[in-house]
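Listed below are the residues making up each chain.
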Amino acid sequence: MVTPKDGPWLDEAAGRLVRPYTVSNGRTRPTTAFDLMSQVMSTGATPFGYLGPEHSEALALCEAPVSVAEVAAQLRLPAAVTKVLLSDLVDCGALTTKPPAFYHNPTDRSLLEAVLDGLRRQL
């Protein structure tokens, strides 16, 4: 059963009706290098040619700077597929990208302890 909030691409029992590889036309590598923390934002330019509904959804999510990870979560698509969609939009001039303002060392002990403490407080 398709629920109204999910739109035509999700089914409650079956899950996603259009498989991720179909969304990216079978491509697995983006033409633009993205990190999950990379920021993307709409340029206001209209993309040339036909883009799929996922491209339009992604573009709508990027009116303000947003991370690639957030776009993937909102689209309910794997990060690899989202990166391909976003690179299509960068290639046609509809999006701009920049690396995150700062990087945290993901193996920094104090950062990992802070995350662990936060998770413990949630449980």
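Scroll up to find the structure.
Residues numbered from 1 in each chain as written. Predicted model: local features only at pLDDT ≥ 70, side-chain atom pairs only at ≥ 80, totals over all residues. Heavy atoms only, no water.

Draft legend 1. Broad picture of the overall build of the chain. Counting secondary structure elements, the chain contains five helices and five strands. Counting from the amino terminus, the chain carries its helices and strands in the arrangement β-β-α-β-α-β-α-α-β-α. The buried share of the chain, taken over its 123 residues, is 32%. Contacts in the chain between residues at least 24 apart in sequence constitute 66% of all its contacts with a sequence separation of at least 6. Only carbon and sulfur atoms are counted for the fraction: they give 59% of the accessible area of the chain, which is about 8,100 Å². (Helix = DSSP H or I, 4+ residues; strand = E, 2+ residues; numbered from the N terminus. Buried < 20%, exposed > 50% of the residue type's maximum accessible area, 1.4 Å probe, protein only. Contact = heavy atoms within 4.5 Å. Areas by Shrake-Rupley, 256 points an atom, 1.4 Å probe, with all protein chains shown as cover.)

Draft legend 2. Structural context of the pattern of salt bridges. Scanning the entire structure with this criterion turns up one salt bridge. With its nearest N and O atoms 3.0 Å apart, the salt bridge here joins Glu113 to Arg109. Pair noted here: Glu113 and Arg109 are both in helix H5 (residues 109-122), with a separation of four residues, about one helical turn. When its relative accessible area of 38% is taken as the criterion, Glu113 is described as partly exposed. Note on Arg109: relative accessible area 63%, which makes it exposed. (Salt bridge = Lys/Arg side-chain N within 4 Å of Asp/Glu carboxyl O.)

Draft legend 3. Layout of the packing of helix H2 (residues 53-61) against helix H4 (residues 79-91). It is the contact of H2 with H4, at a shortest axis distance of 10 Å, that shows an interaxial angle of 75°. On the basis of the axis angle, H2 is roughly perpendicular to H4. Here Glu54, His55, Ala58 and Leu59 of H2 come into contact with H4, specifically with Leu85, Leu86, Asp88 and Leu89. Residues that form the contact of H2 with H4 fall into these classes: five nonpolar, one polar and two charged. (Axes fitted to C-alpha atoms, helices over the stretch in contact; angles between N-to-C directions. Parallel < 35°, antiparallel > 145°, perpendicular 65-115°, else oblique. Nonpolar A, V, L, I, M, F, W, Y, C, P; charged D, E, K, R; others polar.)

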